[in-house]
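Fold and geometry: a report
Spelled out, the chains give:
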Amino acid sequence: QVQLVESGGGLVQPGGSLRLSCTVSGIIFGVNSMGWYRQAPGKQRDLVASITRGGSANYADSVKGRFTISRDNAKNTVYLQMINLKPEDTAVYYCNVQQLINRYDYWGQGTQVTVSS
């Protein structure tokens, strides 16, 4: 019953910016942490950023100072503001939402981010 709807991906030049959003719909038994992962072709899916219910954020070293994660608990929405994008940021970005009960992980379908000149 739970769906994660992602938006905001696209093609940008190096140094550009994008803002991703992910909204949870359906019945979920509480939302714990929320986050963003990314996966480049031929590579593993890695954590980009996560945020707790209380608003504490954690970032991969490669994006610190460039990406900002935020959430709106009332709307069950998580955002990822990305600035100064680099070619190595190119990947499919997946939204992750962890259910409070049983810590069950829900995933979005992925949105493509391409950084190229």
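Here's what I pulled together on the structure shown here. (Residues numbered from 1 in each chain as written. Predicted model: local features only at pLDDT ≥ 70, side-chain atom pairs only at ≥ 80, totals over all residues. Heavy atoms only, no water.)

Looking now at the sheet that holds strand 1 (residues 3–7). Strand order across the open sheet formed by 4 strands is 1-3-8-7, with antiparallel pairing between neighbours. Edge positions in the sheet fall to strand 1 and strand 7 (67–72), since each has one partner strand and no second. Neighbour-to-neighbour, the strand axes of the sheet open up by a mean angle of 15 degrees, direction not taken into account. Bridge count for strand 7 against strand 8 (residues 77–82) is 6 bridges, and the pairing is antiparallel. Looking at strand 8, one finds that Asp72 is bridged to Thr77. (Pairing = 2+ DSSP bridges. Helix = DSSP H or I, 4+ residues; strand = E, 2+ residues; numbered from the N terminus. Axes fitted to C-alpha atoms, helices over the stretch in contact; angles between N-to-C directions.)

The full count for this structure, using the stated rule, is 1 disulfide. One disulfide in the model links Cys22 with Cys95; its S-S distance is 2.1 Å. Between Cys22 and Cys95 the disulfide shows an S-S torsion of about -85 degrees. By sign, it is left-handed. Of this pair, Cys22 sits in strand 3 (residues 18–25) while Cys95 sits in strand 9 (residues 91–99), and the two are 73 residues apart along the sequence. Exposure remark for Cys95: the relative accessible area of 0% places this residue in the buried category. (Disulfide = S-S within 2.5 Å. Buried < 20%, exposed > 50% of the residue type's maximum accessible area, 1.4 Å probe, protein only.)

Enumeration over the complete set of coordinates arrives at 2 aromatic pairs. Ring centres 5.0 Å apart and planes at 65 degrees place the aromatic pair Tyr37 and Trp107 in the edge-to-face group. You can see Tyr37 sitting in strand 4 (residues 31–39) and its partner Trp107 sitting in strand 10 (residues 105–107), a full 70 residues away along the chain. Assessed through its relative accessible area of 23%, Tyr37 is described here as partly exposed. When its relative accessible area of 37% is taken as the criterion, Trp107 is described as partly exposed. (Phe/Tyr/Trp six-rings, centres within 6.5 Å; stacked < 30°, edge-to-face > 60°.)

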